[in-house]
Amino acid sequence: MKKFAKMSLVAAVAVAGLSTTSSAKALEEAIKNVDVSGTVVYRYDDRSYDDKDTDLANNNYKIGLTLKSKVNDDVTAVTRFIVGSQADGGFATLGTTESDNGNIAQSDAQADVSLSNVYFSYTGIANTTVNVGKQGLTTPWTVAIDADGNEQTGTGILALTNVGPVTLAGAYFNNTNLNASGGLKLNGTKYHNGTKTTAVLAGDANVITVGAMANIGPVALDAWYLDMEDTFDTYTIGALAKFDLDAVKLSIGARHTQLDIDNALDKNFAKEDNSLTKVEAGVKVGIFGANVGYGWTDSEGGLAALDNDANSGFQGWTMNLNGVADASLLKVSVDAQVLPSLNLALNYNVLEKDKNDARAKDLTDKEMYVQASYQMSKNFGGYVRLGKAELEDAFDGKDNDGTIGRLQVQYSF
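For the structure given in this document, a descriptive report is provided here. (Residues numbered from 1 in each chain as written. Predicted model: local features only at pLDDT ≥ 70, side-chain atom pairs only at ≥ 80, totals over all residues. Heavy atoms only, no water.)

**Some details on the pairing of strand β7 (residues 128-136)**
Here is the rule: Here, a strand pair is defined by DSSP locating no fewer than two bridges between the strands. Secondary structure follows DSSP: runs of H or I at least 4 residues long count as helices, runs of E at least 2 residues long count as strands, and numbering of each begins at the N terminus.
In the sheet, strand β6 (residues 112-122) pairs with β7 via five bridges, with the strands oriented antiparallel. Counterpart to Tyr119 in the pairing with β7 is Gly133. Counting the residues that bridge the hairpin from β6 to β7 gives five residues, and of these Asn127 lies at a positive phi of roughly 60°. The sheet contact formed by β7 and strand β8 (residues 153-163) spans nine bridges and is antiparallel. Looking at the pairing, Thr129 lines up with Leu160 of β8.

The following block contains the structure:
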């Protein structure tokens, strides 16, 4: 992080709204102990399918700016501003796909600026940090800060303390944005006495979570429990081991997540048990690397993450295992670091969905894509993806095949 006085133009613009009635000396004193960090991301997604209604062509933008101001020796004030979507803290998306009448669906427009985090961090107790206020939801089910995606936030208190090799966590939030941000789908809609009903999360539902993390040699372990008032309770356990054997680097990890929906969520929704289990392994030898991952869900339900990008979820690029019952996802990739700044990778993913009450037969979706990642400098880089997706019986009993592409550029400061 850089001192505020040396911050980038992006940060300067973010604070340009400070009152001009303050003297230059007062402003200098106010920002003396402020550090700034953040990201600027541009992404272009383009997908063209047999079913034209599922085509996609979007320009996406997001700027995330975090300011940390030292109040005194024990307290730091933290704020985070997002130039992007006010609804979920994600991208500002400007569509470029033509409508039926030939007009562009969305013209080039301005993005919203919002205050995402504002909390105080107290470190006056040895080996302990306490955050109070509006902050990111730092749990395995959520994404607190994301350079190129939506973010989950809540207002409350989070405490972390280290006891030897173990870190204990506890949090209580009386308000969250989970009703607007995240990938939670409580089996969509159901019918009760002929009436269509939908389960909706409440932003004012209390959230309580506790967790423990430990490092034992090369193995990192964690276990968490979370309860959302009158909605669901869930637990997750995970392990990740990394081994550095000189010329060979190995990693292997596993996670199991269970989520039980409460009856009180909606009288028309039966209580359902959801689970998602995944195992992943990776190896790197010289300039070459390979990774394989496999995940599967329960026959009753596969909901395991409140955001598809969270640690408790499992997804490819255009396909996702989270929230899909009776399914499995296989992910395989190989890559080569052909230059210090250039990495080339080939990815192949297969989503198998077994026949059940909602599916007349077994279904298989596939995607394959190549990716070239270029890191021009430590703080600036991006990647290009190009591939093909094959979705079985995706519309009107027909397969939905298409080409998929993406360009992403990111600057970090």
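After that view of the structure, there is still more to cover.
**Details of a nonpolar patch on the surface**
Which entries qualify depends on this criterion: To count toward a patch, a residue needs a relative accessible area above 30% and no salt bridge. Like charges then connect within 9 Å, nonpolar side chains (Val, Leu, Ile, Met, Phe, Trp, Tyr) within 5 Å. Shrake-Rupley sampling with a 1.4 Å probe provides the accessible areas, and residues are treated as covered by the protein chains on show and by no other component. We define a salt bridge as a contact between a side-chain nitrogen of Lys or Arg and a carboxyl oxygen of Asp or Glu at a distance within 4 Å. Working definition: with a 1.4 Å probe on protein chains only, accessible area under 20% of the residue-type maximum means buried, over 50% means exposed, and in between means partly exposed.
A cluster of nonpolar residues, Val279, Val292, Tyr294, Trp296, Leu330, Val332, Val334, Leu346, Tyr348, Met368, Val370 and Leu386, forms a patch on the protein surface that exposes about 970 Å² of accessible area. At the level of elements, β17 (288-297), β18 (327-339), β19 (342-353) and β20 (363-377) are the ones that each hand at least two residues to the nonpolar patch. Considering the arrangement of structural elements, one finds Tyr294 in strand β17. With relative accessibility at 36%, the residue Tyr294 sits in the partly exposed group.

**Some words on the environment of Ala77**
Rules: In this description, contact between two residues means that some pair of their heavy atoms is separated by no more than 4.5 Å.
Topologically, Ala77 is positioned in strand β4 (residues 75-84). Residues in contact with Ala77, not counting those within four places in the same chain, are Leu67, Lys68, Ser69, Val71, Tyr119 and Phe120.

**Concerning the nonpolar core**
Inclusion rule: Side-chain atoms within 4.5 Å are what join buried Ala, Val, Leu, Ile, Met, Phe, Trp, Tyr and Cys residues into a set we call a nonpolar core.
Among the nonpolar cores identified, the biggest contains 18 residues, and Leu178, Met228 and Phe232 are the most heavily contacted of them. Those elements that place two or more of their residues in this core are β9 (166-176), β13 (219-228) and β15 (248-261). Residues within four places of Met228 in sequence aside, it is in contact with Thr176, Leu178, Leu201, Ala202, Ala205, Asn206, Val207 and Asp262. Listed in part, the nine residues of the second largest apolar core include Leu276, Phe314, Leu321 and Leu351.

**Some points on the packing of aromatic side chains**
When we look at a pair of aromatic rings, we describe it by the centre distance and by the angle of the planes. We apply this condition: Here is the rule: rings of Phe, Tyr and Trp (six-membered ring for Trp) pair when centre to centre is within 6.5 Å. Planes less than 30 degrees apart are stacked, more than 60 are edge-to-face, and the remainder are tilted. The criterion is that NZ of a Lys, or CZ of an Arg, lies within 6 Å of the ring centre and within 35 degrees of the ring normal, and then a charge sits over that ring.
Throughout the structure, instances matching the rule amount to four aromatic pairs. Centre to centre, the rings of Trp317 and Tyr369 are 4.9 Å apart; their planes meet at 70°, and the pair counts as edge-to-face. With a gap of 52 residues between them, Trp317 in the loop between β17 and β18 and Tyr369 in strand β20 connect regions that are remote in the sequence. Tyr369 shares its class with Trp317; the two are buried. Ring geometry for Tyr411 and Phe413: centres 5.4 Å apart, planes at 35°, overall tilted. We classify Tyr411 as partly exposed; its relative accessible area is 24%. Positioned over the ring face of Trp317 is Arg385, at 5.1 Å from the centre of the ring.

**Let's talk about unusual backbone geometry**
The phi angle at Asn127 is positive, at roughly 60°, despite the residue not being glycine. If you trace the backbone, Asn127 turns up in the loop between β6 and β7. Phi at Asp246 is positive, roughly 60°, even though this residue is not glycine. Tracing the backbone shows Asp246 in the loop between β14 (232-245) and β15. Looking at Asp246, the relative accessible area reads 69%, which means it is exposed.

**Some points on the pattern of salt bridges**
Tallied over the full model, the rule gives nine salt bridges. A salt bridge links Arg80 to Glu151, with the nearest nitrogen and oxygen atoms 2.8 Å apart. Taken as a pair, Arg80 in strand β4 and Glu151 in the loop between β7 and β8 lie far apart in primary sequence, 71 residues in all. What makes Glu151 buried here is its relative accessible area of 1%. The partner of Lys361 in a salt bridge is Asp393, and the shortest N-O contact between them spans 3.1 Å. Of this pair, Lys361 sits in the loop between β19 and β20 while Asp393 sits in strand β21 (residues 380-395), placing them 32 residues apart in sequence. Sharing partners across several salt bridges, the network here consists of Lys62, Arg80 and Glu151.

Spatial relationships are all this shows, so hold off on functional conclusions.
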